[in-house]
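Per-entry structural report
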Amino acid sequence: MAEFNIITKGGDKGTTSLANGERIAKDDARVELYGTLDECQAALGLARSLCGDEKTAEDIYFLEDYLFGAMAYFAKCDYDEPDPAIMENMAARITEALPGSGMSFVRPGDNRCGAALHLARTVARRAERVATRLFREGGVNEKSYKFLNRLSDVIYLLSLKVDADSKK
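**Some details on the overall build of the protein**
Scanning the protein from terminus to terminus reveals 5 helices and 2 strands. The order of α-helices and β-strands along the protein, N terminus first, is β-β-α-α-α-α-α. Scaling as 2.2 N^0.38, a compact globule of 168 residues should have a C-alpha radius of gyration of about 15 Å, and the protein matches this with 17 Å. Taken along its principal axes, the extent of the C-alpha atoms in the protein is 55 × 45 × 25 Å. Classification of the 168 residues of the protein by burial places 41% in the buried group. Once local pairs closer than 6 in sequence are excluded, the contacts in the protein between residues at least 24 apart make up 71%. Carbon and sulfur atoms make up 51% of the accessible area of the protein, which totals about 9,700 Å². Within the protein, the 27 negative side-chain charges are centred at a point lying 5 Å from the centre of the 23 positive side-chain charges.

**Let's talk about the packing of helix α3 (residues 84-96) against helix α5 (residues 142-166)**
A packed helix pair is summarised by two numbers, namely the angle formed by the two axes and the spacing between the axes. Relative orientation of the contacting elements α3 and α5 amounts to 20°, with a least axis distance of 8 Å. Comparing the axis directions of α3 and α5 gives the class roughly parallel. You can see that α3 and α5 cross each other, and the crossing is left-handed. In this structure, α3 contributes P84, M87, E88, M90, A91, I94 and T95 to the contact, and α5 contributes K143, K146, F147, R150, L151, V154, L157, L158 and K161.

**Points about the confidence of the model for the protein**
Of all residues in the protein, 96% have pLDDT values of 70 or greater, and the mean over the chain is 91. Averaged pLDDT values for the elements of the protein fall to 86 in strand β1 (residues 15-17) and rise to 97 in helix α1 (residues 29-50).

Cut-offs and rules
Residues numbered from 1 in each chain as written. Predicted model: local features only at pLDDT ≥ 70, side-chain atom pairs only at ≥ 80, totals over all residues. Heavy atoms only, no water. Helix = DSSP H or I, 4+ residues; strand = E, 2+ residues; numbered from the N terminus. Rg over C-alpha atoms; globule rule 2.2 N^0.38 Å. Buried < 20%, exposed > 50% of the residue type's maximum accessible area, 1.4 Å probe, protein only. Contact = heavy atoms within 4.5 Å. Areas by Shrake-Rupley, 256 points an atom, 1.4 Å probe, with all protein chains shown as cover. Lys, Arg positive; Asp, Glu negative; His and termini not counted. Charge placed at Lys NZ, Arg CZ, Asp CG, Glu CD. Axes fitted to C-alpha atoms, helices over the stretch in contact; angles between N-to-C directions. Parallel < 35°, antiparallel > 145°, perpendicular 65-115°, else oblique. Left-handed = near helix turned anticlockwise from the far one by under 90°. pLDDT = per-residue confidence, 0-100.

Given below as structure tokens:
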């Protein structure tokens with residue numbers, strides 16, 4: 001049996017540790033940001049578990065994996081800064097696969113995977129709103145902030161693709 005104890009008692013006074021050892025309040029915007037991205041990653045996992053298309057499931061898995069690194073970066077681990085260009089490239093590829101213009105207002109629920117992707121999208125948008133304060137205060141730079149903006153776009157496009165595919 002592994003010697004691992006999830007109960008550390010380190011947060012009993014309302015603080016948590018960043019990867020660099022710095023203790024900050026659990027309601028600090030940085031903790032809120034990577035916690036919200038954790039929620040987004042969980043919603044993506046739900047979407048992937050409901051996805052019937054292998055390529056889309058691979059795209060969702062890629063986002064889950066990339067979010068792991070983004071969360072680590074925002075928690076001040078030694079990880080590369082998230083790159084908006086990666087999201088832009090994904091968006092371009094997914095857009096090519098969409099019928100018509102691809103842009104429309106939708107009501108989530110046409111299928112389970114798409115609905116879970118819409119949930120992930122709304123959580124990604126909340127992460128971006130949380131990051132806005134950090135961005136204004138210099139705690140998140142422009143490149144990372146752009147990544148957060150692009151993330152919800154990619155998830156939205158995946159949801160549109162899944163919904164369109166379910167109607168074929």
